[in-house]
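Each chain, letter by letter, is given below.
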Amino acid sequence: MSLRPFILGLAASFGLAWLLVVIVPFIMMRNLEPITLTKETDGAAGIFYPKRSGRIINGAKVYAENGCYLCHTQVARPTYAGNDMYRADLAGLAKDPERGDTRRETNAYDFEGETFAQIGLTRMGPDLANVARRFEAAVAAKGGGGDPAAMFYAHLYDPRRNPETRKSTCPSYRFLFTRREIKGQPSNEALPFGGDATTELLPSPDAKALVSYLLAMKKDQPVPAALNFAPPEPKAAAR
Amino acid sequence: MSSASSATALSDATLRAGIDRSLRHPVMFFLTSGAAWLAVSILLAIIASIKVHCPQFMDDCEYASYGRVFPAHINTLIYGWGFQAGFGVLIWLMARMSHQECRAAGTILTAGHVWNLVVLLGTIGILDGRGTGMPWMEFPAFVWPGLLLCYCAIVVWSFIQFRVRDGERSYVAQWYLLGAMIWFPWVFITANGLLFCASTHPLMAAAINAWFKSALIFLFFIPIAIGTAYYLAPKLTGRPIPSTSLAKLGFWSLAVVAPWAGMQKLAGVPLTGVFLPYLGAAATVLLAVPLAIAVANILRTIYSSEEKLPKSPALHFTLAGLMGLLLLAVAAIALNLPGSSLKLTQFSISGYGFEILALYGCFSFMMFGAVYFIVPRITCREWVSSRLINMHFFFSAYGIVAIAFGALFGGFIQGSAQEAWLQPWETVTDVVRPYAAVSTFAWCVILFSNVFFFLHLAMMWLGRGRPCGAPTLLDSAAEHAAPASH
């Protein structure tokens, strides 16, 4: 065997797959075409602008650095790839008081503002695509007396503190919080627990960024008809 | 190979001795520092594994957080142990098969030191919370150019040796090693360049990362493992490889199929080409063919000799590595059937089981086999004790079988629980725990086995091997082996 045909063979066999699986999709997905809305189907004309608020970039960095992606996914798969659409409140809320059934598949616009989509490796923990919606719903179920952010802080500080999640295997991120002596007024950012007469527990900037990112995990906003794969309403009712 | 074959046996032996002498320090450096990283990686694996079933363990230590220890474990396993073992074996095999002495031992040794330093910095970076969050590429961004430069400085000499070898003849083992040498930089530059230096859609970034993981296994680690086995099997048995055309088929089918695999981890993810993950799944299933061909061909080499083979440690480990390769081929089919098993295993621990099976059950066993073959030749000393080798073999084998079956099977259980959407989510967490406990125990067993390996290797490195006599065999411990066993 001589070297030249060998290398040519390798270059051809590898290069073809490399081009078709990596390079072409890479270029195609670089700039996604904006979706044009139409009056008949979407009720409004113009261009679909997915909204995401919060400190996405900073929060995603903290999420990545602390390995959250090892146990949490961020995707609601279509029914051909798994049962995500059926599992309670994974893909959205089945019974949202205002919007009804908000469940939908995750789409490419849901990752707006991130550099790397943390699809995740395993589901040791629950999927996080709509975790903020679930926490909001939990707060609403308790009569509205609470704050989803506070629930996130409490979970990050000690995942097993809440009796409902006492069997959680999530690591605790106590190092994202600092204990400080109270001087004068207690801080309004202090956690409602963990403090005593002289000290209080404060989230670090990293914790705030992470929670802001998690609060943006609402991948169930309404989508234009072009992205909406839900079965049409009347048929669903007839079944 | 006209000149080599016409040379006398004496000059052949002189040439071999010269090659061994020229590579003595680089090879021993890679093998010993690789073994040290292996120990570090297994220690991190134990910590990470304990935390899965017992999250309170070391809960207050920031640097021992699961999300940092686990990436540190897998990255040290790959870049600390895997690559260095691969380098050590590759440069020696290429020099031997090309009949060329190494003339750049100093450069290789320097690059090897830099490689270790860079891996160390990267590992500290991960533990310190500077990881990038991209699986298998978690080292901070400054690490990858360093790794690439060191890689080139280490491997380019083997490429040159192949280029200037006598005649046109080449061995099957050389194809695989040469393939790995060429594929790796292409894969590595593509993935790191696109993810660190270019901007794309975040989903495509995740897809490239998934492709990178698969390509690293099937276009670097597995080819080196198969190449090593194709070298060792004829050497240890004195029999030729029965079918060159079958070997050719195995190699080229791997070359054609493997680059398409990997993106199945993103099944159901809204990529622009939603079929890409299914293409990846199909390619991974098809990969069973080249793997099975290699296993069949090498096993036929080993079992074609009529006389009873001496139970050499290298043969023992190679056979076990072949079993690992066969299991990997079966797992590639079982885990990735679109429509049935893919949705169960996609987000389960069986992915980890598959990776560990490839990296430890197949690749590392082949490397251990090669280490037991190479080190006596370059140190001119025999292994001290067959008992130490036996301990290493059996505990490693039991450990990897427990991890592989635990994670592969546990992943199916976990995936079924995930798909059972009427059950509360807590059931999913609960069913994983026993398998995580098995994995902790198995990693402890593997650590135990590798302590023997490391000590034994260090003894050889320090010149404490048996100075002369027959090679250390596993079935005749009483006659041959060492004072240590008496």
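The model shown is predicted, which means the values in this text are computed figures rather than measured ones. (Residues numbered from 1 in each chain as written. Chains lettered and ligands numbered in written order. Predicted model: local features only at pLDDT ≥ 70, side-chain atom pairs only at ≥ 80, totals over all residues.)

Chemist: Help me out: how do you make sense of the overall build of chain B in this one?
Modeler: Counting its secondary structure elements, chain B contains 16 helices and zero strands. Scaling as 2.2 N^0.38, a compact globule of 486 residues should have a C-alpha radius of gyration of about 23 Å, and chain B matches this with 22 Å. Relative to its full complement of 486 residues, chain B shows a buried share of 58%. Of the contacts made within chain B by residues no fewer than 6 positions apart, 84% connect residues no fewer than 24 positions apart. (Helix = DSSP H or I, 4+ residues; strand = E, 2+ residues; numbered from the N terminus. Rg over C-alpha atoms; globule rule 2.2 N^0.38 Å. Buried ≥ 20, exposed ≤ 12 C-beta atoms within 10 Å, placed from the backbone. Contact = placed C-beta atoms within 7 Å.)

Chemist: What is the right way to read the overall build of chain A from this model?
Modeler: Helix and strand counts for chain A stand at seven helices and four strands. Written out in order from the N terminus, the α and β elements of chain A read α-β-α-β-α-α-α-β-β-α-α. For 239 residues, the compact-globule estimate of 2.2 N^0.38 gives 18 Å, and chain A exceeds it by more than 25% at 22 Å. A principal-axis box enclosing the C-alpha atoms of chain A has dimensions of 75 × 60 × 35 Å. Once local pairs closer than 6 in sequence are excluded, the contacts in chain A between residues at least 24 apart make up 64%.

Chemist: Explain the interface of chain B and chain A here, please?
Modeler: Taken residue by residue, the interface counts 65 residues in chain B and 58 residues in chain A. Elements with a contribution of two residues or more to the side of chain B that touches chain A: helix 2 (9–53), helix 3 (66–98), helix 6 (172–197), helix 7 (202–237), helix 8 (244–257), helix 14 (386–419) and helix 15 (426–461) of chain B. Partitioned by chemical class, the residues of the side of chain B that touches chain A number 36 nonpolar, 18 polar and 11 charged. (Nonpolar A, V, L, I, M, F, W, Y, C, P; charged D, E, K, R; others polar.)

Chemist: Is there a simple way to think about the nonpolar core in this case?
Modeler: One broad trend across soluble globular proteins is that nonpolar side chains are buried collectively. Residues Ile91(B) and Ala207(B) are the most contacted members of the largest nonpolar core, which totals 220 residues. With 25 residues, helix 7 of chain B is the largest single contributor of residues to this core. In terms of domain composition, this core takes at least three residues from each of domain 1 (11–49) and domain 2 (50–230) of chain A. Excluding residues that lie within four positions of it along the chain, Ala207(B) makes contacts with Met263(B), Leu266(B), Leu271(B) and Leu276(B). (Core = buried A, V, L, I, M, F, W, Y, C linked by C-beta atoms within 7 Å. Domains from an automatic or database assignment.)

Chemist: What is the right way to read helix 10 (residues 288–303) of chain B from this model?
Modeler: Count 3.6 residues to each turn of an α-helix, and residues three or four apart come out pointing the same way. Residue and element names in this part refer to chain B. Between its terminal C-alpha atoms helix 10 stretches 22 Å, which fits the 22 Å expected from 16 residues at 1.5 Å a residue. For helix 10, the set of buried residues is Pro 290, Leu 291, Ile 293, Ala 294, Val 295, Asn 297, Ile 298 and Thr 301. Elements in contact with the buried residues of helix 10: helix 7, helix 8 and helix 11 (313–335). (Expected span 1.5 Å × (residues − 1).)

Chemist: It is not clear to me how the packing of helix 7 of chain B against helix 10 of chain B should be interpreted in this structure. Could you clarify?
Modeler: Each pair of packed helices can be summarised by the angle the axes make with each other and by the distance between the axes. Residues and elements named next belong to chain B. The geometry of helix 7 relative to helix 10 is characterised by a closest axis approach of 9 Å and an angle of 15° between their N-to-C directions. It follows from the interaxial angle that helix 7 and helix 10 lie roughly parallel. Where helix 7 crosses over helix 10, the two elements pack in a sense that is left-handed. Residues Ile 226, Ala 229, Tyr 230, Ala 233, Pro 234 and Thr 237 of helix 7 form the contact with helix 10, whose participating residues are Ala 294, Ile 298, Thr 301 and Ile 302. Here the residues of the contact of helix 7 with helix 10 sort into eight nonpolar, two polar and no charged. (Axes fitted to C-alpha atoms, helices over the stretch in contact; angles between N-to-C directions. Parallel < 35°, antiparallel > 145°, perpendicular 65-115°, else oblique. Left-handed = near helix turned anticlockwise from the far one by under 90°.)

Chemist: Any chance you could explain the confidence of the model for chain B here in plain terms?
Modeler: Note that predicted coordinates carrying low pLDDT should not be read in detail. In the predicted model, chain B carries a mean pLDDT of 92, and 96% of its residues have values of at least 70. Scoring of the predicted complex yields 0.94 for pTM and 0.94 for ipTM. (pLDDT = per-residue confidence, 0-100.)

Chemist: I would appreciate a short explanation of the packing of helix 4 (residues 105–127) of chain B against helix 5 (residues 143–163) of chain B in the present structure.
Modeler: Residue and element names in this part refer to chain B. It is at 9 Å that the axes of helix 4 and helix 5 come closest, and there the two elements cross at 155°. In terms of orientation, helix 4 lies roughly antiparallel with respect to helix 5. Pair helix 4 / helix 5 crosses with left-handed handedness. Between helix 4 and helix 5, the contacting residues are Thr 107, Ile 108, Ala 111, Gly 112, Val 114, Trp 115, Val 118, Leu 121 and Gly 122 on the first element and Val 143, Gly 146, Leu 147, Cys 150, Ala 153, Ile 154 and Trp 157 on the second.

Chemist: Could you clarify how one ought to interpret the domain arrangement of chain A in this entry?
Modeler: Many authors give the size of an interface as the accessible area that is lost as the parts come together. All names here are of chain A. Under the domain assignment, chain A is made up of domain 1 (11–49) and domain 2 (50–230). The gap between the C-alpha centroids of domain 1 and domain 2 is 28 Å. Between domain 1 and domain 2, the residue contacts involve seven residues of the former and seven residues of the latter.

Chemist: Looking at this model, I keep getting lost on the environment of Ala230(A). Mind explaining?
Modeler: Residue and element names in this part refer to chain A. Examined against the element boundaries, Ala 230 turns out to sit in the loop between helix 6 (205–215) and helix 7 (233–238). In this structure Ala 230 comes out as partly exposed when scored by C-beta crowding, with 13 C-beta atoms within 10 Å. Each C-alpha atom, one on Ala 230 and one on Val 131, is 21 Å from the other, the two residues being 99 residues apart in sequence.

Chemist: What exactly am I supposed to notice about the confidence of the model for chain A here?
Modeler: The predicted model of chain A averages 90 in pLDDT, with 97% of residues at 70 or higher. Below a pLDDT of 50 lies the segment residues 235–239 of chain A, which in the model reaches one contact outside its immediate sequence neighbourhood of four places, other chains included.

Chemist: It is not clear to me how unusual backbone geometry should be interpreted in this structure. Could you clarify?
Modeler: Comment: phi is negative for the bulk of residues other than glycine, and the bulk of peptide bonds are trans. Its identity is not glycine, yet Asp89(A) carries a phi of approximately 60°, on the positive side. Along the chain, the position of Asp89(A) falls in the loop between helix 3 (56–65) and helix 4 (131–141). What makes Asp89(A) buried here is the crowd of 21 C-beta atoms within 10 Å. Its identity as a non-glycine residue notwithstanding, Cys380(B) has a phi of 55°, on the positive side.

Chemist: Is there a simple way to explain the environment of Lys308(B) in this structure?
Modeler: Along the chain, Lys308(B) turns up in the loop between helix 10 and helix 11. The sequence separation of Lys308(B) and Glu419(B) amounts to 111 residues, and the corresponding C-alpha distance is 51 Å.

Chemist: Which parts of the structure should I look at to understand helix 8 of chain B?
Modeler: The first and last C-alpha atoms of helix 8 of chain B sit 20 Å apart over 14 residues, in line with the 20 Å expected at 1.5 Å per residue. Ala247(B), Gly250(B), Phe251(B), Leu254(B), Ala255(B) and Val257(B) are the residues of helix 8 of chain B that are buried. Looking at the buried residues of helix 8 of chain B, the elements they touch are helix 1 (3–30) of chain A together with helix 6, helix 9 (276–286) and helix 10 of chain B.

Chemist: Would you take a moment to explain the environment of Ala229(B) for this structure?
Modeler: Residue and element names in this part refer to chain B. If you trace the backbone, Ala 229 turns up in helix 7. Under the C-beta neighbour-count criterion, Ala 229 is labelled buried, with 31 such atoms within 10 Å. Residues Ala 229 and Asn 297, 68 residues apart in the sequence, show an inter-C-alpha distance of 10 Å. If near-sequence neighbours (up to four positions away) are discounted, Ala 229 is found in contact with Ile 298, Thr 318, Gly 321, Leu 322 and Met 366.

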